[in-house]
Amino acid sequence: MNILLAKSAGFCFGVNKAVDTVNRLLDNGEQVSTLGPIIHNPQAVAQFERRGVRIVESPGETPENAVLVIRSHGVSHDVYDEIEKSGVEMCDATCPYVSKIHRIVSRESKDGAIVIIAGNEGHPEVTGIRGHCLGKSLVISSQEELALLFENNEINQNDKIIMVSQTTFNKSKWEKCVEIAKKLYTNLIIFDTICNATAQRQSEAIALAKLSDLMVIVGGRESSNTAKLREVCSEHCPTVLIETADELTSSMFNGVNKVGITAGASTPADIIKEVL
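All chains use their own residue numbering, which begins from 1 and follows the written sequence. Since the coordinates come from a predicted model, pLDDT governs what is reported: local features require at least 70, and pairs of side-chain atoms require 80 or more to be given and counted, while whole-chain, interface and lining totals use all residues. Water and hydrogen atoms play no part in the side-chain values, which are based on all heavy atoms of the structure.

Chemist: Looking at this model, I keep getting lost on the overall build of the protein chain. Mind explaining?
Modeler: The helix and strand labels rest on DSSP assignments: H or I over at least four residues marks a helix, E over at least two residues marks a strand, and numbering proceeds from the N terminus. For the protein chain, the helix and strand inventory stands at 10 helices and 12 strands. In terms of overall dimensions, the protein chain is globule-like: its C-alpha atoms have a radius of gyration of 20 Å, near the 19 Å expected for 276 residues. Classification of residues uses two cut-offs on accessible area relative to the type maximum, computed with a 1.4 Å probe and protein chains only: under 20% is buried, over 50% is exposed, and between them is partly exposed. Within the protein chain, the fraction of its 276 residues that count as buried is 51%. Residue contacts follow a heavy-atom distance rule, with two residues in contact if any of their heavy atoms lie within 4.5 Å. Of the contacts formed within the protein chain by residues at least 6 apart in sequence, a portion of 70% connects residues at least 24 apart. A total accessible area of about 13,000 Å² is found for the protein chain, and carbon and sulfur atoms account for 47% of it. None of His or the chain ends enter the tally, which takes Lys and Arg as positive and Asp and Glu as negative. Every charge is mapped onto a representative atom, which is NZ of Lys, CZ of Arg, CG of Asp or CD of Glu. Side chains of the protein chain carry 27 positive and 35 negative charges; the gap between the two charge centres is 6 Å. Only the C-alpha atoms count toward the radius of gyration. The rule for a globule is 2.2 Å times the residue count to the power 0.38. Values of accessible area rely on a 1.4 Å probe in the Shrake-Rupley scheme; residue burial ignores everything except the protein chains shown.

The following block contains the structure:
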């Protein structure tokens, strides 16, 4: 059986930065808490928990003398205010690409713009982006939902409008949304905020899927970018998502001559190696 591994499988820059931040603090003897799981990979999170890292849901839950790490997904402006008021020591590991979106929506909404965000409602990154909007913001996950905004008159045609995307949004869906949005709204400014690593990862995964009889996606089931990889690959060949090698079964490979493997941006290298 021929096994093809995507070049870009595994940690992206933002996740690597967040994981390195926690490891550095632990190596320096600090007590560490993270605001939510540091990354969407249960195996990596469990490994940190064994080293004493505690997950908290709000800054107020941070133990005394612990450093609170903001994960790569980022947080809303209100959370930063809460941290400042609480006096908790903070280390910000927000992905720079996410921070850039925060600056864009803050600046443009301060200038009166309505913000359309292409992403998954409720995802931590999207929640954080909305928390930097100073006015109205709306979340859409498809071109159909975008068209519904127009049909339901959610936005006045004369309003200033901007559109951004979650960094891990499906590239193909984003391009369709952009095409529709340009036709619907004349006062629209588009910021393409899908990160390069996501676009490259999805592009490589699609190319592999077209060559393969089966695609194996390795990553956390709560990971947005991992789910997107499964989504884009399943359009071209049978696709399975696994978190660890333990989930592999021989029956998956019946009649398979070529198998493609890729992994989400929060999947550790040792897990990918074990799957291989």
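And the narrative resumes.
Chemist: What am I meant to see in the packing of helix α8 (residues 196–211) against helix α9 (residues 224–233) here?
Modeler: For any two helices packed against each other, one specifies the crossing angle of their axes together with the interaxial distance. Each axis is a line fitted through C-alpha atoms, taken for helices only over the stretch in contact, and angles between the N-to-C directions span 0 to 180 degrees. One way to put it is that α8 packs onto α9 with a least axis distance of 9 Å and a crossing angle of 35 degrees. Like other packed secondary-structure pairs, α8 and α9 cross with a definite hand, here right-handed. Contacts between α8 and α9 pair Arg201, Gln202, Ala205, Ile206 and Ala209 from the former with Asn225, Lys228, Leu229, Val232 and Cys233 from the latter. Taken together, the residues of the contact of α8 with α9 break down into six nonpolar, two polar and two charged. By convention, the crossing between two helices is left-handed when the near helix turns anticlockwise from the far helix through less than a right angle, and right-handed when the turn is clockwise. Each residue is assigned to one class: nonpolar for Ala, Val, Leu, Ile, Met, Phe, Trp, Tyr, Cys and Pro, charged for Asp, Glu, Lys and Arg, and polar for all the others, Gly among them.

Chemist: Would you explain the nonpolar core in this entry?
Modeler: Here is a general trend for soluble globular proteins: nonpolar side chains tend to be buried in one another's company. For our purposes a nonpolar core is just a set of buried Ala, Val, Leu, Ile, Met, Phe, Trp, Tyr and Cys residues, chained together by side-chain atoms within 4.5 Å. Counting residues in each nonpolar core, the largest one holds 19 residues, and the members touching the most others are Ile116, Leu149, Ile155, Met163 and Tyr185. A total of five residues in this core trace back to one element, the largest contributor, which is helix α7 (residues 171–184). If we skip the residues at most four places from it in the chain, Tyr185 touches Ile116, Leu149, Phe150, Ile155, Gln157 and Ile161. Of all hydrophobic cores here, the second largest spans 18 residues; its members include Cys12, Ala18, Val19 and Leu25.

Chemist: When you look at the sheet that holds strand β5 (residues 89–92) in this model, what are you seeing that I'm missing?
Modeler: Sheets are built from strands that pair by backbone hydrogen bonding, the pairs being arranged parallel or antiparallel. The four strands lie next to each other as β3-β2-β4-β5, forming an open sheet whose pairing is parallel. Looking at the sheet topology across the chains shown, the edges are occupied by β3 (54–56) and β5. Averaged over neighbouring strand pairs, the angle between their axes works out to 35 degrees when direction is ignored. In this scheme, strands are said to pair when DSSP sees at least two bridges between them. Summarising the sheet, strand β2 (residues 31–35) and β3 pair through three bridges and their orientation is parallel. Directly across from Thr34, in β3, lies its bridge partner Ile55.

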